[in-house]
Amino acid sequence: GQAEGECICWLMGGHLSRSCRELLPNPRYGSTTENDQLVHDDDSLGGLDRQDIAEFPYVEFTGRDSITCPTCQGSGRIPSGQVNELVALIPYSDQRLQPQRTKLYVVLSVIVCLLVSSLVAFFLFPRPVLVEDGGIRSVVVLFDHEKSRVLMNMTSSLNFRNANFFTVLVDSVNCQVLYMKTVIGTGQLDNVITIQPLSQRQMNFTVSVEISGSLSYVYAFCTMASIKVHNIVVFMQTSVKTSYMVRSAQYTLEAYRYIDCGANSTLHHPPSTINGLLR
C-alpha cells in the first residue's frame, strides 16, 4: 500500500505504469488537453524511449506505508538456496491443475496391465506333461536249465510331450512287472532326461525279469518244443515323476504285455492298456 498523494512508477519489461492521479489523468481531475499531452507520443514517454525503458533495471520503490518483499528483499530475484523451500500459489482455474485426457491415460494403463498380466500367465502357467506308453521295443530271453528259471530283459519306451514354455525334468522312472499277481521284475532310473519347451522326446528303459520258484511251470511252457508260440501275459506298472519350475507331478501307466518267452524278440509290441494311459 502506498500513501495517498505519492507518485510511484514501476518500470517492468517494456511497460510503464503510473499509479498516481497526476500521472493517470481523469476527466474529473484534469482537462482533455493534459491527457493528450501524456499520450501524444507512443514511442516517447517522459523523455525515455521504449528501448531505454526495457533496459531499465528492476527497482523497488517503497513509500511510507509500503513493505519490502520478504522473499526477494527488494532484489527482484529468489535466492537459489530457497528454491526448494518456497511454495508458489496457483489459481484454481489454472490449466496445470486440470490435466487433459486423464481418463484416457487411466484406461490405457489398465489395458496395458491386463495385457502384460495375460501374457505372463499364458507363458508361465504350468501345463501337464503328456506321458504315453510306447510299448515294448525288444525282449531278450535266457534259460537257466539247472534252476528251471526264465530270465528276460524287457526294453520298453515312453513318449513325453512338453506343452510348456519352459524345460521339464524327468526325475525318475520306476517300473514293476507282475505275472499272476506275483512281482517278477523291478527297475528304477533317476535323473533320466530333460525335455525342452514345446517339444517331444522318447526314452527307453530296461527291466530285468526272473520267473522261477512257484512259477517254474512257466519254464516248462517256454521250453516246450511242440509249441511254436510261447506267449505269456505280464502286467507292467510304470511310475514317472517330473518337475518344472516349482511344481512336481507323478504319472502312473498300467499295461498288459504279451511276450513270447520261447525266443528272443526285437519286434515292437504296441501296449494293451487298462484304466487309460495316465492316472
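The structure under discussion appears in the preceding block.
A short tour of the structure in this document, coming up. (Residues numbered from 1 in each chain as written. Predicted model: local features only at pLDDT ≥ 70, side-chain atom pairs only at ≥ 80, totals over all residues. Heavy atoms only, no water.)

Okay, the overall build of the protein chain next. Scanning the protein chain from N- to C-terminus turns up four helices and 13 strands. Looking at the protein chain as a whole, 28% of its 279 residues qualify as buried. If you take every contact in the protein chain between residues at least 6 apart in sequence, the share linking residues at least 24 apart comes to 63%. Surface exposure of the protein chain reaches about 18900 Å², of which carbon and sulfur atoms provide 55%. (Helix = DSSP H or I, 4+ residues; strand = E, 2+ residues; numbered from the N terminus. Buried < 20%, exposed > 50% of the residue type's maximum accessible area, 1.4 Å probe, protein only. Contact = heavy atoms within 4.5 Å. Areas by Shrake-Rupley, 256 points an atom, 1.4 Å probe, with all protein chains shown as cover.)

To continue, consider the nonpolar core. Ranked by size, the top nonpolar core spans 39 residues in total, and within it Met152, Met154, Phe160, Val177, Ile211 and Ile232 carry the most contacts. If you list the elements that add at least two residues to this core, you get β5 (130-144), β6 (149-162), β7 (168-179), β10 (199-211), α4 (216-222), β11 (231-244) and β12 (247-260). Once residues within four sequence positions are removed from consideration, Met152 is found in contact with Val139, Val140, Val141, Val207, Ser208, Val209, Ile211, Ile232, Ile259 and Cys261. (Core = buried A, V, L, I, M, F, W, Y, C linked by side-chain atoms within 4.5 Å.)

Attention shifts here to the state of the cysteines. Counted under the stated rule, the structure contains one disulfide. Disulfide partner of Cys222: Cys261, at an S-S distance of 1.8 Å. Taking the sign of the S-S torsion, -95° for the link of Cys222 and Cys261, the bridge is left-handed. Highlighted residues: Cys222 in helix α4 and Cys261 in the loop between β12 and β13 (272-273), separated in sequence by 39 residues. In this pair, the class of Cys222 matches that of Cys261, namely buried. (Disulfide = S-S within 2.5 Å.)

One open sheet holds the three strands; their spatial order is β5-β6-β10, and the pairing between them is antiparallel. Looking at the sheet topology across the chains shown, the edges are occupied by β5 and β10. Direction aside, the axes of adjacent strands within the sheet are offset by 15° on average. Inspection of the sheet shows β6 paired to β10 by 13 bridges, in the antiparallel sense. Note on β10: the bridge partner recorded for Met152 is Val209. (Pairing = 2+ DSSP bridges. Axes fitted to C-alpha atoms, helices over the stretch in contact; angles between N-to-C directions.)

Among the secondary structure elements, Arg127 is positioned in the loop between α3 (102-124) and β5. Despite its burial, Arg127 pairs with no opposite charge; the closest candidate is Glu132, at 16 Å N-O. Among the polar contacts made by the side chain of Arg127, one reaches the main-chain carbonyl oxygen of Phe125 at a distance of 3.2 Å. If near-sequence neighbours (up to four positions away) are discounted, Arg127 is found in contact with Phe122, Ala163, Asn164, Phe165 and Tyr244. (Lys, Arg positive; Asp, Glu negative; His and termini not counted. Salt bridge = Lys/Arg side-chain N within 4 Å of Asp/Glu carboxyl O. Polar contact = N/O pair within 3.5 Å; in protein donor to acceptor, adjacent residues only side chain to side chain.)

Mapped onto the elements, Met245 comes out in the loop between β11 and β12. With a relative accessible area of 55%, Met245 lands in the exposed category. Residues Met245 and Thr167 lie 78 residues apart in sequence; the distance between their C-alpha atoms is 8.3 Å. Ignoring anything within four residues of it in the chain, the contact list for Met245 reads Leu124 and Phe166.

One pass over the full model with this rule turns up three salt bridges. One salt bridge in this structure joins Arg257 and Asp133, with 2.9 Å as the shortest N-O distance. In this pair, Arg257 is assigned in strand β12 and Asp133 in strand β5, connecting sequence segments 124 residues apart. When its relative accessible area of 4% is taken as the criterion, Arg257 is described as buried. When its relative accessible area of 12% is taken as the criterion, Asp133 is described as buried. Between Glu210 and Arg149 there is a salt bridge, and its shortest N-O distance comes to 3.0 Å. Of the two residues, Glu210 sits in strand β10 while Arg149 sits in strand β6, which places them 61 residues apart along the sequence. With a relative accessible area of 35%, Glu210 lands in the partly exposed category. Through salt bridges that share partners, Asp144, Arg149 and Glu210 make up one connected network.

Right, let's get into the pairing of strand β8 (residues 182-190). Here β7 pairs with β8 via eight bridges, running antiparallel. Following the sheet pairing, Asn174 is matched in β8 by Gln188. Here β7 hands over to β8 after two residues, with Met180 in that stretch at a positive phi of 55°.

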